[in-house]
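Listed below are the residues making up each chain.
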Amino acid sequence: MNLRLVCRLLGIIALLIGGAMIFSLPWAYPQLGYRRALEARPDEFEWGGFFGLLGSMAVCGVVGLLLLRLGRGSESAKLFRKEAMAVVGLSWTLATVLGALPFLFAGTRLGSASDPHEFGPRMTVIDAMFESQSGFSTTGATVISNLENTHVIPHCILFWRSSTHFLGGLGIIVLFVVILGQGSAGKALMRNEMPGPSKEGSEARMQHTAWAFAGVYCALNAVLVLLLMMFGMSSFDALCHSFGTMATGGFSTYNASLGHFDSPAIEYTVTLFMLLAGSNFTLLYFALVRLQPGRLFRDVEWRVYASIIGGATLVVLAVGVSGGDFINLGQGLRYGLFQVVSVITTTGFGTHDFDAWNNFGRGVLFLLMFVGGCAGSTGGGIKVIRHILFLKILRLEVELSYHPSVIRPLRLGGEPVEDQELRRSILVYFCLILTIFIFSWMIVVALEPDATWESTGGDVGHKLIDSASGVAATLNNIGPGLGTIGATRNYGHFSQLSKALFTVLMMIGRLEIFAVLVLFFPGFWRAR
């Protein structure tokens, strides 16, 4: 393990994160896209948030320069697989810590779920790291109540909170490769950060992929910002909700999420862009830039992705209307479609209290948490392509049980998949996800006292399913879950140990397990 090389690359990433905080500073001036807030005057400059950001930038600079100094002499060193995995895993850990500093230095509070005028206690280190990782991993889970109150969270810190979505959705390493290139090093780094199975490519192709991904991502963000402003959002709200949409994150500037605006135009627009964000960005590049939409519609994964959305929406709509969850078909389509797309793409925005739906509708949303978007999208979750391949592998294995002499190739879209390592990794991934889910679920059930539910008026009898939904929502980067962490609640009432576990689960889900787990293996750090 070349630790000098790892330190040098981490130093550059620390400087990039500190530099990104600059864009949050102007929002300390309230007249700049000012949002209505409780207990705050329109002319009150947010000194606490402003100096909190400046202090955080200073720490990022010191850490970055120190790491660069430790990495001197490694400029010409080659980045191998182990170093690439270490940089990816450690860069996201470093981002979690550095991204938490603005919350701590600005004195951000938790607020109160029962009283909008209550400031609540200050964030602990675990709270701040939870919020930071939730932003970077584009999970959108939060521990903060009363987002409208600037004494709880300053205006500029709220913008930084949404900015972590923008950075995490694009990808810290993708940003690194776009800005600095890095040749074969960039290829090795991106291979460990890009979500979902992917094919190998040349160094030049990986550089082109990074630029294409970043270009489409930024362009769609810009278009969405303009549309949201056209539909009545302030510039501040439009930027924050655009970051949350295209990153499939879900952080909002209001407790009621997008439901605060009660606008069908905004909801259907965000639904469309969430659907795009959950699609493979390489295919979006060909569809939107090269004007070859046929490549998108011919893609097996995208067709299954769209079919799941359509089928789940019809089921939720039919059961919801017949069960009285929706007044009529129009309301059912508006709320049902939005929530299905929000969950499958792992965005987590809310326009309606889906936790009040009937059990079948809630069960459909819970299952969608384990689907996710397409490979190469900003969505989290297991990914549609893995489900397709897993079912095909399962079918072949069942056939082999009664026809052991038959040799039938695994096919995807009519083309044979010869990569045996891919087949093995699909099976291993499903096993790991299931194992991590079960163990984490039992840990939360054991850690959390009944008072966690009693303090929020929740039902202690639902502790088992609520804990399962919390683990599923963080591991798959969804955000809101069921029951005590439903659409109108948050994670603020959980114990510090549970929040720490959820923080780790969010990073595991975003980096798809291996880049995080290897950090805990002593053999990984030994010399070759």
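The next subject is the overall build of the protein chain. In terms of helices and strands, the protein chain carries 21 helices and two strands. Across the 528 residues that make up the protein chain, the buried fraction comes to 55%. A fraction of 73% describes how many contacts in the protein chain between residues 6 or more apart in sequence connect residues 24 or more apart. Here the protein chain displays about 21,300 Å² of accessible surface, and carbon together with sulfur accounts for 66% of that area.

Time to look at unusual backbone geometry. Non-glycine residue asparagine 146 carries a positive phi angle of around 60°. Within the fold, asparagine 146 resides in the loop between α4 (125-136) and α5 (155-170). Positioned with a positive phi, leucine 291 is a non-glycine residue whose angle comes to about 55°. Assignment of secondary structure puts leucine 291 in the loop between α11 (281-289) and α12 (294-298). Assessed through its relative accessible area of 67%, leucine 291 is described here as exposed.

Put simply, the second largest pocket is a space of about 870 Å³. As for the second largest pocket, its lining consists of 43 residues, and the residues nearest its centre are Asn255, Ala487, Thr488, Arg489 and Asn490. Of the residues in the lining of the second largest pocket, the class split is 15 nonpolar, 25 polar and three charged.

The N-to-C vectors of α5 and helix α9 (residues 235-246) enclose an angle of 30°; their axes lie 7 Å apart at closest approach. In terms of orientation, α5 lies roughly parallel with respect to α9. As for the relative orientation of α5 and α9, their crossing is left-handed in sense. Of the residues in α9, those touching α5 at His155, Leu158, Phe159, Ser162, Ser163, His165 and Phe166 are Phe236, Leu239, Cys240, Phe243 and Gly244.

Looking now at the packing of helix α19 (residues 463-475) against helix α20 (residues 496-511). Describing two packed helices takes the angle between their axes plus the distance from one axis to the other. Axis separation between α19 and α20 bottoms out at 7 Å; the angle between their running directions is 45°. The angle between α19 and α20 falls in the class oblique. Two secondary-structure elements touch here, α19 through Gly470, Val471, Thr474 and Leu475 and α20 through Phe502, Leu505, Met506, Ile508 and Gly509. Across the contact of α19 with α20, the residue classes break down as six nonpolar, three polar and no charged.

By size, the foremost hydrophobic cluster in this structure holds 143 residues, and its most contacted members are Trp160, Leu368 and Tyr491. The greatest single-element share of this core, amounting to twelve residues, is contributed by helix α3 (residues 81-105). The contact partners of tyrosine 491, leaving out residues within four places of it in the chain, are Phe130, Ala141, Thr142, Val143, Gly470, Ala473, Thr474, Gly479, Ile485, Lys499 and Phe502.

Take the packing of aromatic side chains next. Applying the stated criterion across every chain, the model contains 28 aromatic pairs. Aromatic side chains tyrosine 285 and phenylalanine 286 sit 5.7 Å apart centroid to centroid with 75° between the ring planes, which places their arrangement in the edge-to-face category. Residue tyrosine 285 shares its accessibility class with phenylalanine 286, and that shared class is buried. The lysine or arginine in question, arginine 161, covers the ring of phenylalanine 251, its NZ or CZ lying 3.8 Å from the ring centre. We note arginine 295 situated over the ring of phenylalanine 286; from NZ or CZ to the ring centre the distance is 3.7 Å.

This part covers the environment of leucine 275. Secondary-structure assignment places leucine 275 in helix α10 (residues 264-277). Leucine 275 sits in the partly exposed class, given a relative accessible area of 23%. Sequence separation between leucine 275 and threonine 245 is 30 residues, and the spatial gap between their C-alpha atoms is 9.4 Å. Ignoring any residue separated from it by four or fewer positions in sequence, one finds leucine 275 in contact with Trp302, Tyr305, Ile309 and Val341.

All chains considered together, the criterion is met by six salt bridges. Arginine 161 serves as the salt-bridge partner of glutamate 131, at 2.8 Å between the closest nitrogen and oxygen. Of the two residues, glutamate 131 sits in helix α4 while arginine 161 sits in helix α5, which places them 30 residues apart along the sequence. There is no split in this pair, since glutamate 131 and arginine 161 are both buried. With a closest N to O distance of 3.1 Å, aspartate 355 and arginine 362 form a salt bridge. Among the ionic contacts, a cluster of salt bridges with common partners joins Asp262, Glu267 and Arg334.

Criteria and thresholds
- Residues numbered from 1 in each chain as written.
- Predicted model: local features only at pLDDT ≥ 70, side-chain atom pairs only at ≥ 80, totals over all residues.
- Heavy atoms only, no water.
- Helix = DSSP H or I, 4+ residues; strand = E, 2+ residues; numbered from the N terminus.
- Buried < 20%, exposed > 50% of the residue type's maximum accessible area, 1.4 Å probe, protein only.
- Contact = heavy atoms within 4.5 Å.
- Areas by Shrake-Rupley, 256 points an atom, 1.4 Å probe, with all protein chains shown as cover.
- 1 Å grid on protein atoms, 1.4 Å probe; cavity = no way out; pocket = protein on both sides within 12 Å on 5 of 7 lines; lining within 4 Å.
- Points joined across faces, edges and corners; volume = space filled by probe spheres on them.
- Nonpolar A, V, L, I, M, F, W, Y, C, P; charged D, E, K, R; others polar.
- Axes fitted to C-alpha atoms, helices over the stretch in contact; angles between N-to-C directions.
- Parallel < 35°, antiparallel > 145°, perpendicular 65-115°, else oblique.
- Left-handed = near helix turned anticlockwise from the far one by under 90°.
- Core = buried A, V, L, I, M, F, W, Y, C linked by side-chain atoms within 4.5 Å.
- Phe/Tyr/Trp six-rings, centres within 6.5 Å; stacked < 30°, edge-to-face > 60°.
- Lys NZ or Arg CZ within 6 Å of the ring centre and 35° of its normal.
- Salt bridge = Lys/Arg side-chain N within 4 Å of Asp/Glu carboxyl O.

Interpretation note: all reported values are geometric properties and have no functional meaning in isolation.
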